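For reference, the chains in residue letters:
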Amino acid sequence: MSTFTADPQFKLYAICCSILSVQMLLLGGLTAAKRAKNMKHLNPEDTSVAFKGTTLVGDTEPPDVARIQRAHRNLLESLPLFFALGLIYVLAGGSPLGAQICFGAFTGARVLHSIVYINALQPWRTITYAIGTFALVGLVVQILLTVLA
Amino acid sequence: MSTFTADPQFKLYAICCSILSVQMLLLGGLTAAKRAKNMKHLNPEDTSVAFKGTTLVGDTEPPDVARIQRAHRNLLESLPLFFALGLIYVLAGGSPLGAQICFGAFTGARVLHSIVYINALQPWRTITYAIGTFALVGLVVQILLTVLA
Amino acid sequence: MSTFTADPQFKLYAICCSILSVQMLLLGGLTAAKRAKNMKHLNPEDTSVAFKGTTLVGDTEPPDVARIQRAHRNLLESLPLFFALGLIYVLAGGSPLGAQICFGAFTGARVLHSIVYINALQPWRTITYAIGTFALVGLVVQILLTVLA
């Protein structure tokens, strides 16, 4: 057994990354599914794999597809930060409590963010976005304190 | 010599990430090259570095530039997942066979995906996208089995 | 004390990732702030959190918001490559000098790139972009030399 799987913080990081990765894949799949429901396809050559009778998306996506894409892009903008900062935190030997708070808050907030974004629920979208951002800032602060100590 | 370079799974991960990173950089460069070929530039201030006589892109990119951008964005959406899940898999001490199958399938499928996307080849685009996604799901499943065991 | 925080290359990587992560968060916040200054909001439901009297963005963002978004997206396209390649370099036991040059050049160039992009300064945008790309290619070359040796 490797030393990393014995580290509870690494375990938590691995589980959070797994959840967030599946969420990214689901949002990508949802975009394609919604587009098909709107009888649209993205590329001229897609007529061979799309349902018959769909038309090309053109310059603007249908509103519900565009909404999922905004949720998708928003997640894409914060996910690489968590992937990098979370692992640096684990490898730097950050405290278990800090990992539980920041990893848990980020993952929970970002899963909820996608759900409330797609369902157009404010102020929840802003609140979950803020929690995700605070969790990342919390990781940065703890990493710098550990590394510069 | 560090312990990681002696780990065949880490070596494979490093090689796959190198290939995919170069591919990302090439797609970025290809976008700029195609734009120049279309006599377009992206920002008003680019007249100082663009060929003389180019015009501003405006709201919509030329179709062949937009196609490369879609291929680029599609890669950008899946690459961070592989970077994170691949390294977690290596650090968690996942099986060599699982690494060879998932790392190899993802890298091969995503390199081909960009090529068939730019050349508008269906159903190959859908097939290579699906293989890349299955490889990521395979990593998630193996990570969770290892970590939760 | 874990072994990683005793590794100067890991320390440098952690500091660079922290700086670049904060920069990503700032660019995201700047987009929202500029949109508010233009009296625009992105989603119909945002009237509950936006200043009164703002109107929906629609298909095209105001030019200064679109500019920040291009700077943001440009950073997003290169950041995951640095996060992955930088850590692989550290774990593979790359040379201290290579880390100082490539990590330092990438971080400095990308911070400057966002600033000169937002202020529309050419040829500086092209120069800083090129330096960032060379730093990534430098990491790929050194990783492959180490791993394939």
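This text goes with the structure placed above it.
My aim in this report is to walk through the structure given alongside it, one point at a time. (Residues numbered from 1 in each chain as written. Chains lettered and ligands numbered in written order. Predicted model: local features only at pLDDT ≥ 70, side-chain atom pairs only at ≥ 80, totals over all residues. Heavy atoms only, no water.)

1. With respect to the packing of aromatic side chains
Residues and elements named next belong to chain A.
Next up, step 1: Under the counting rule described, the total for this entry stands at 18 aromatic pairs over all chains.
Next up, step 2: Taken together, a centroid distance of 5.8 Å and an interplanar angle of 70 degrees make the contact between Y89 and F103 edge-to-face. Note that Y89 is positioned in helix 2 (residues 63-91) and F103 in helix 3 (residues 96-118), a separation of 14 residues in sequence.
Next up, step 3: Residue F103 is classed as buried on the basis of its relative accessible area of 0%.
Next up, step 4: A connected cluster of aromatic rings, assembled from ring pairs, spans Y13, F82, Y89, F103 and F106.
Next up, step 5: Positioned over the ring face of Y117 is R125, at 4.5 Å from the centre of the ring. (Phe/Tyr/Trp six-rings, centres within 6.5 Å; stacked < 30°, edge-to-face > 60°. Helix = DSSP H or I, 4+ residues; strand = E, 2+ residues; numbered from the N terminus. Buried < 20%, exposed > 50% of the residue type's maximum accessible area, 1.4 Å probe, protein only. Lys NZ or Arg CZ within 6 Å of the ring centre and 35° of its normal.)

2. Digging into the packing of helix 3 (residues 96-118) of chain C against helix 4 (residues 124-148) of chain C
Residues and elements named next belong to chain C.
Next up, step 1: Closest axis-to-axis distance for the helix 3/helix 4 pair is 8 Å, and the angle between their directions is 155 degrees. Taken together, the axis directions place helix 3 and helix 4 in an arrangement best described as roughly antiparallel. Between helix 3 and helix 4 lies a crossing whose hand is left-handed. Where helix 3 abuts helix 4, its residues G98, C102, F103, A105, F106, A109, R110, L112, H113, V116 and Y117 lie against W124, R125, T128, Y129, I131, G132, A135, L136, G138, L139 and Q142.
Next up, step 2: Residue classes in the contact of helix 3 with helix 4 are distributed as 14 nonpolar, 6 polar and 2 charged. (Axes fitted to C-alpha atoms, helices over the stretch in contact; angles between N-to-C directions. Parallel < 35°, antiparallel > 145°, perpendicular 65-115°, else oblique. Left-handed = near helix turned anticlockwise from the far one by under 90°. Contact = heavy atoms within 4.5 Å. Nonpolar A, V, L, I, M, F, W, Y, C, P; charged D, E, K, R; others polar.)

3. Some points on the environment of A:Q69
Residue and element names in this part refer to chain A.
Next up, step 1: Relative to the helices and strands, Q69 resides in helix 2.
Next up, step 2: A residue is classified by how much of its surface remains accessible, and Q69, at 21% relative accessible area, is partly exposed.
Next up, step 3: Distance from Q69 to L30, taken between C-alpha atoms, is 9.2 Å for residues 39 residues apart in sequence.
Next up, step 4: Those residues in contact with Q69 that lie beyond four places of it in its chain are T31, R35 and E61.

4. A closer look at the relation of the copies chain A and chain B
Turning one copy of the chain about an axis and sliding it along that axis gives the other copy, so a rotation and a shift relate them.
Next up, step 1: Mapping chain A onto chain B calls for a rotation angle of 120 degrees and an axial translation of 0.0 Å; the resulting RMSD is 0.0 Å. Here the transformation between the copies is reduced to the relation of a three-fold axis. Considering only C-alpha atoms, the residue of chain A closest to the rotation axis is A:P80, which sits at 3.5 Å.
Next up, step 2: Both copies present different contact surfaces, since only 14% of the interface residues of chain A are interface residues in chain B too. (Least-squares fit on C-alpha atoms with pLDDT ≥ 70 in both.)

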